[in-house]
Amino acid sequence: MQISRLTPADHSAVLDIAAEVETPVDAEELTRDVARVWVARDEPSEVAGFLLAWAVADEVHLINIATRPQLRRRGIGQALMVTLLDFAAQMRARLIVLEVRRSNSAAIRLYRSNGFCAIGVRRGYYSDSGEDAIEMMVTLDPESGEVQPGRDEINLSA
């Protein structure tokens with residue numbers, strides 16, 4: 001698997017994956033000044049997944065991470081997360097934040113395995129279903145880039 005920065009030739013594949021997993025991405029989002037987008041390829045020409053984040057000041061906000069459904073459970077999401085953590089360390093970010101659907105247990109496991117803790121709930125956050133979003137965060141040492149130990153501030157089962 002190869003992880004690389006988004007190129008203009010990758011735009012349609014990223015938008016297709018986002019539509020396929022029902023997490024739409026606006027095409028303009030891919031070219032925003034603060035946007036950082038990586039793609040994962042399982043073959044040199046096929047985009048298997050992507051990660052979209054915003055880098056602002058000393059923070060990174062994970063906006064979207066998606067893998068083609070037929071290619072899940074092959075480490076693509078984890079490889080993209082490692083890339084994001086490496087990027088955050090290089091830019092000396094102090095934290096990475098995200099929102100995730102309460103029902104998305106696979107994503108929550110992925111984030112937890114990378115040091116993220118649940119810090120809040122946004123009730124009715126998702127307009128398509130009214131589902132709650134779990135806010136998660138990982139703190140990084142800005143000097144070393146190492147993930148700092150954290151703990152949940154909310155009960156996920158509530």
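Relevant structure appears above.
Residues numbered from 1 in each chain as written. Predicted model: local features only at pLDDT ≥ 70, side-chain atom pairs only at ≥ 80, totals over all residues. Heavy atoms only, no water.

## Side note on unusual backbone geometry
(1) Moving on: Even without being a glycine, Glu 22 presents a positive backbone phi close to 60 degrees.
(2) Moving on: When you line up the elements, Glu 22 lands in the loop between α1 (11–20) and β2 (35–41).
(3) Moving on: Positive phi, normally seen in glycine, also occurs at Arg 92, with a value near 60 degrees.
(4) Moving on: On the secondary structure map, Arg 92 appears in the loop between α2 (76–90) and β5 (95–101). (Helix = DSSP H or I, 4+ residues; strand = E, 2+ residues; numbered from the N terminus.)

## Details of the pattern of salt bridges
(1) Moving on: Summed over the entire model, instances satisfying the criterion amount to 14 salt bridges.
(2) Moving on: Ionic pairing is found between Arg 32 and Glu 29, a salt bridge with its closest N-O pair at 3.6 Å.
(3) Moving on: For Arg 32, a relative accessible area of 39% corresponds to the partly exposed category.
(4) Moving on: Asp 132 is the partner of Arg 123 in a salt bridge, and the nearest nitrogen-oxygen pair spans 3.0 Å.
(5) Moving on: By relative accessible area, Arg 123 is classed as exposed at 61%.
(6) Moving on: For Asp 132, a relative accessible area of 16% puts it in the buried group.
(7) Moving on: Taken together, the shared-partner salt bridges connect Glu 20, Glu 46 and Arg 68 into one network. (Salt bridge = Lys/Arg side-chain N within 4 Å of Asp/Glu carboxyl O. Buried < 20%, exposed > 50% of the residue type's maximum accessible area, 1.4 Å probe, protein only.)

## Focus on the layout of surface pockets
(1) Moving on: Here the largest pocket defines a volume of roughly 1300 Å³.
(2) Moving on: If you trace the largest pocket, you find 38 residues lining it, with Asn 64, Ile 65, Asn 104, Ala 107 and Tyr 111 closest to the centre.
(3) Moving on: If you list the elements that add at least two residues to the lining of the largest pocket, you get β3 (47–56), β4 (59–67), α2, β5 and α3 (105–113).
(4) Moving on: The dominant element in the lining of the largest pocket, judged by the number of residues it contributes, is β4, at seven residues.
(5) Moving on: The class makeup of the residues in the lining of the largest pocket is 19 nonpolar, nine polar and ten charged. (1 Å grid on protein atoms, 1.4 Å probe; cavity = no way out; pocket = protein on both sides within 12 Å on 5 of 7 lines; lining within 4 Å. Points joined across faces, edges and corners; volume = space filled by probe spheres on them. Nonpolar A, V, L, I, M, F, W, Y, C, P; charged D, E, K, R; others polar.)

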